[in-house]
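What follows is each chain in one-letter form.
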Amino acid sequence: MEAFVNQVVAGLTTGCAYALIGLALVIVYRTTSHVNFAQGEMATLTTYIAWSLLQAGVPYWVAFALTLVGAFVFAAGLERWVIGRLSTASPLATVAAFIGLFMTIHSLTGYIWGYDVRELPSPFPSGSLAGGLVSWHQLGVALVTAAMLALLWVFFRFTRVGLAVRAAAQNPASARLSGISTQTMAALGWGLAASMGVVAGMMVAPQLYLDPHMMSGVLIYGFAAALMGGIQSVPGAVIGGLVLGVLENLLGAYVVGTQLKLTVAMVLIVGMLVWRPQGLLGRPSAKRV
Amino acid sequence: MSSIDKAQDVVLDVQRVSAGYGGPAVVRDVSLTVKAGRITALLGTNGVGKTTLMRAVCGMVQATGSVTLGSTAISGLRTEHIARLGIAHVPEGRGTFIDLTVEENLRVGCFARRSMEGAADTMERIYGWLPRLAERRDQRAGSLSGGEQQMLAIGRALMADPKVLLLDEPSFGLAPRVAAEVMHLLRRLQSETRMGILLVEQNTEIALGLADDAYVLRAGAVVASGAAAQLRESADLQAAYLGSH
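Since the model is a prediction, treat every value here as computed from it, not as a measurement.

### Describing the overall build of chain A
Move 1: Within chain A, the secondary structure is distributed over 11 helices and 2 strands.
Move 2: Ordered by position in the sequence, the α and β elements of chain A form the string α-α-α-α-β-β-α-α-α-α-α-α-α.
Move 3: Along the first, second and third principal axes, the C-alpha atoms of chain A reach 60 × 45 × 35 Å.
Move 4: Out of the 289 residues belonging to chain A, those deemed buried represent 45%.

### Focus on the overall build of chain B
Move 1: What chain B contains, in helices and strands, is 11 helices and 10 strands.
Move 2: Since a compact globule built from 245 residues should have a radius of gyration of about 18 Å, the 17 Å found for chain B is in line with a globular shape.
Move 3: Principal axes of the C-alpha set define a box for chain B whose edges measure 50 × 45 × 35 Å.
Move 4: Taken across its 245 residues, chain B has 49% of its residues classed as buried.
Move 5: Here the analysis covers contacts within chain B between residues at least 6 apart in sequence; of these, 67% occur between residues at least 24 apart.

### As for the nonpolar core
Move 1: Ranked by internal contacts, the top residues of the largest apolar core, which has 157 residues, are Leu-20, Ile-21, Ala-200 and Ala-224 of chain A together with Ala-41, Val-164 and Leu-199 of chain B.
Move 2: With 16 residues, helix α8 (residues 182-208) of chain A is the single largest residue contributor to this core.

### Observations regarding the interface of chain B and chain A
Move 1: Between chain B and chain A, the residue contacts involve 19 residues of the former and 14 residues of the latter.
Move 2: Secondary-structure elements contributing two or more residues to the side of chain B that touches chain A are α3 (79-85) and α4 (102-109) of chain B.
Move 3: The class makeup of the residues in the side of chain B that touches chain A is 9 nonpolar, 4 polar and 6 charged.

### Focus: the packing of helix α6 (residues 160-170) of chain A against α8 of chain A
Residues and elements named next belong to chain A.
Move 1: At a closest axis distance of 10 Å, the pairing of α6 and α8 adopts a crossing angle of 105°. When the axis of α6 is compared with that of α8, the two are roughly perpendicular. Within the contact between the two elements, α6 uses Ala-164, Val-165 and Ala-168 and α8 uses Thr-182, Met-185, Leu-188 and Gly-189.
Move 2: Among the residues making up the contact of α6 with α8, the classes are represented as 5 nonpolar, 2 polar and no charged.

### Focus: helix α10 (residues 234-254) of chain A
Move 1: Look at α10 of chain A: 30 Å from first C-alpha to last across 21 residues, which is about the 30 Å you get at 1.5 Å a residue.
Move 2: Looking at the packing, one finds that the buried side of α10 of chain A touches α1 (2-32), α5 (136-158), α9 (216-228) and α11 (261-275) of chain A.

### Regarding the sheet that holds strand β9 (residues 213-218) of chain B
Residues and elements named next belong to chain B.
Move 1: With respect to topology, 6 strands assemble into an open sheet ordered β6-β7-β8-β3-β9-β10, the strand pairing being mixed. The open sheet has two edge strands with one neighbour each: β6 (87-90) and β10 (221-227). Ignoring which end each strand starts from, the neighbouring axes of this sheet average 15° apart.

### Points about α1 of chain A
An α-helix turns once every 3.6 residues. As a result, residues three or four positions apart point the same way.
Residues and elements named next belong to chain A.
Move 1: A rise of 1.5 Å per residue sets the reference length of α1, with its 31 residues, at 45 Å; its end C-alpha atoms lie 45 Å apart and thus fit the reference within 8%.
Move 2: For α1, the tally of buried residues reaches 23 of 31 residues, placing the bulk of the element in the interior.
Move 3: In the stretch just after α1, Ser-33 is the one whose phi turns positive, near 65°.

### Some remarks on the confidence of the model for chain A
Move 1: Model confidence for chain A is summarised by a mean pLDDT of 89, while 97% of its residues fall at 70 or above.
Move 2: Here residues 285-289 of chain A is a poorly scored stretch, pLDDT under 50, and it has 3 contacts once near neighbours within four places are set aside; other chains count.

### Some points on the confidence of the model for chain B
Residues and elements named next belong to chain B.
Move 1: When pLDDT is averaged along chain B, the result is 89; 92% of the residues meet or exceed 70.
Move 2: Scored below 50 in pLDDT, residues 1-7 shows 4 contacts in the model against residues more than four places distant or in partner chains.
Move 3: Predicted complex metrics record ipTM = 0.90 and pTM = 0.86.

### Structural notes on the environment of Ala-56 of chain B
Residue and element names in this part refer to chain B.
Move 1: Among the structural elements, Ala-56 can be located in helix α2 (residues 50-57).
Move 2: A sequence separation of 117 residues divides Ala-56 from Gly-173, and the C-alpha atoms of the two residues are 24 Å apart.
Move 3: Setting aside chain neighbours within four positions, we find Ala-56 in contact with Val-17, Ala-19, Val-27, Val-61 and Ala-63.

### Description of the pairing of strand β3 (residues 39-43) of chain B
Residue and element names in this part refer to chain B.
Move 1: Within β3, 5 of the 5 residues are buried, leaving the element largely enclosed by the surrounding structure.
Move 2: A two-sided burial pattern is seen for β3, the buried positions comprising Ile-39, Ala-41 and Leu-43 on one face and Thr-40 and Leu-42 on the other.
Move 3: Pairing analysis gives 4 bridges linking β3 to β9, with the strands arranged parallel. The residue bridging Ala-41 from the neighbouring strand is Ala-214, located in β9.

### A short note on the environment of Leu-25 of chain A
Residue and element names in this part refer to chain A.
Move 1: Mapped onto the elements of the fold, Leu-25 is located in helix α1.
Move 2: Considered as a pair, Leu-25 and Ala-226 are 201 residues apart in the sequence and their alpha carbons are 6.8 Å apart.
Move 3: Once residues within four sequence positions are removed from consideration, Leu-25 is found in contact with Val-35, Asn-36, Gln-39, Gly-222, Phe-223 and Ala-226.

### Comments concerning the sheet that holds strand β2 (residues 27-35) of chain B
Sheet strands line up and pair through hydrogen bonds in the backbone, either parallel or antiparallel.
Residues and elements named next belong to chain B.
Move 1: Taken together, 4 strands build an open sheet; the order of strands is β2-β1-β4-β5 and the sheet is antiparallel. Looking at which strands have only one partner, the edges of the open sheet turn out to be β2 and β5 (72-73).
Move 2: Summarising the sheet, strand β4 (residues 62-69) and β5 pair through 2 bridges and their orientation is antiparallel. Of the residues in β5, the one forming a bridge with Thr-68 is Ala-73.
Move 3: Most of the contacts of α2 go to strand β1 (residues 10-20), to which it runs at about 115°, and overall it touches β1, β2 and β4.

### Here we look at the packing of helix α2 (residues 39-55) of chain A against α8 of chain A
All names here are of chain A.
Move 1: Direction vectors running N to C along α2 and α8 enclose 65°, while the axes themselves pass 8 Å from each other. In terms of crossing hand, the pair formed by α2 and α8 is right-handed. Facing α2, whose interface residues are Gln-39, Met-42, Ala-43, Thr-44, Thr-46, Thr-47 and Ala-50, α8 presents Ala-193, Ala-194, Gly-197, Val-198, Ala-200, Gly-201, Met-202 and Ala-205.
Move 2: Among the residues making up the contact of α2 with α8, the classes are represented as 9 nonpolar, 6 polar and no charged.

### Comments concerning unusual backbone geometry
Residues and elements named next belong to chain B.
Move 1: In the Ramachandran plot, Asp-29 falls in the positive-phi region, its phi being about 55° despite a non-glycine side chain.
Move 2: Inspection of the secondary structure puts Asp-29 in strand β2.
Move 3: Phi is positive for Glu-169, close to 50°, though the residue is something other than glycine.
Move 4: Mapped onto the elements, Glu-169 comes out in the loop between β7 (164-168) and α8 (176-192).

Definitions and limits used
- Residues numbered from 1 in each chain as written.
- Chains lettered and ligands numbered in written order.
- Predicted model: local features only at pLDDT ≥ 70, side-chain atom pairs only at ≥ 80, totals over all residues.
- Helix = DSSP H or I, 4+ residues; strand = E, 2+ residues; numbered from the N terminus.
- Buried ≥ 20, exposed ≤ 12 C-beta atoms within 10 Å, placed from the backbone.
- Rg over C-alpha atoms; globule rule 2.2 N^0.38 Å.
- Contact = placed C-beta atoms within 7 Å.
- Core = buried A, V, L, I, M, F, W, Y, C linked by C-beta atoms within 7 Å.
- Nonpolar A, V, L, I, M, F, W, Y, C, P; charged D, E, K, R; others polar.
- Axes fitted to C-alpha atoms, helices over the stretch in contact; angles between N-to-C directions.
- Parallel < 35°, antiparallel > 145°, perpendicular 65-115°, else oblique.
- Expected span 1.5 Å × (residues − 1).
- Pairing = 2+ DSSP bridges.
- pLDDT = per-residue confidence, 0-100.
- Left-handed = near helix turned anticlockwise from the far one by under 90°.

Spelled out as structure tokens, the structure:
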């Protein structure tokens with residue numbers, strides 16, 4: 001029983017990362033109609049930057065905040081001056097460009113930091129509570145993720161700019177007629193997504209160890225999480241991520257074994273696309289124009 | 001200000017505008033003006049280019065020619081910039097944000113305001129004009145009836161405190177009673193504000209009854225124009241519609 005609970009808790013912890021990456025994909029998709037395959041690689045790159053800052057002696061939470069802001073600025077600029085120019089490109093050209101971005105960032109990370117596995121420390125105390133069922137790190141990850149989601153919710157729900165992002169995501173033509181720059185909103189969406197990637201990367205790195213491939217599995221699961229919400233739904237992606245984290249661990253421990261964990265994600269992705277493209281919570285919606 | 005000054009006050013000046021979607025021009029060499037505090041009707045059968053002309057004014061399609069708002073040349077500017085300069089466009093099919101609440105829809109209208117000062121007053125005035133929106137302010141816009149959504153779309157446009165309001169078939173698909181309410185609101189705007197209104201309306205009778213001035217489009221070009229009251233009697237109008245009714 002204790003082993004089972006441990007699996008569930010560990011699953012929820014990695015599920016937080018899946019939820020954050022899934023949410024990042026949803027936000028980029030809703031503000032630009034693009035699926036950013038490089039979302040995971042951007043998270044890895046920025047996690048390395050945080051690692052370098054820590055090596056240079058910067059305190060953990062200062063490095064965390066700096067990386068968060070830096071990732072936001074970098075991604076917003078990337079969208080504004082590079083990716084945004086693809087808005088009229090064909091879907092095939094867009095997919096090719098994102099694969100290019102994926103490989104560029106991946107290689108850049110390997111070029112700068114090498115392919116050796118590094119250790120990123122956890123900001124939380126070692127040891128565990130509740131009789132060994134939950135480690136401090138796991139609890140910390142859950143709290144940081146919850147705080148991030150709460151901040152996002154407040155931003156979207158109660159701020160003027162958040163309202164503009166929602167309006168632009170829902171009906172770009174009407175948003176522009178109301179004086180909202182959809183270009184600016186797209187840059188903002190990319191910035192927010194990259195910041196969420198930083199949180200995901202820095203929270204999973206102590207567990208997965210830091211290497212240039214760290215986020216590739218997380219991206220696949222994040223993508224499956226986003227699809228569980230029909231790639232449109234914010235709560236759908238969050239719930240999807242947590243469920244997938246738990247499912248992955250339980251299936252890995254009791255059914256298919258760790259070797260086939262990623263296969264589970266792929267089966268889910270294909271299954272969702274075939275049987276429930278609108279997501280588990282979604283209603284069938286009109287195609288985005 | 002005397003009513004004669006008001007009549008002379010051109011807020012939107014469209015000169016020799018041609019526009020289309022990459023193929024042959026849909027709108028050809030159209031010139032028209034919209035005056036402050038007056039309703040200008042744009043008439044013509046389906047597919048003559050009324051919607052395309054409105055899109056050209058808002059920078060939503062490729063266009064040549066010149067468009068001037070007050071004393072500002074706006075041709076070639078981006079749609080959101082034109083909106084912030086003072087043109088509010090309620091597109092065909094309303095363009096309501098269905099997943100936002102009624103009040104959020106109105107707040108979205110504020111993004112085109114030059115200043116947030118007075119925004120709360122504008123919102124209260126709109127709720128006064130459209131009491132059914134006030135009752136439903138926290139409801140999802142998608143749950144409103146067609147007529148209420150149309151009112152909301154106009155309300156959102158008014159939140160921008162625009163100099164010019166473009167309305168594309170505001171009574172389309174509405175029951176006659178609801179359409180009459182929309183027209184009643186337009187009449188109030190005509191008498192209580194200095195907004196210039198360009199109205200595309202399928203129902204010629206209603207449009208000419210409401211408008212001060214009118215233009216008739218046929219195959220993308222202006223074939224008749226003048227005071228609405230005169231056009232009503234005119235043979236030109238009959239000719240533009242001949243065989244299509």
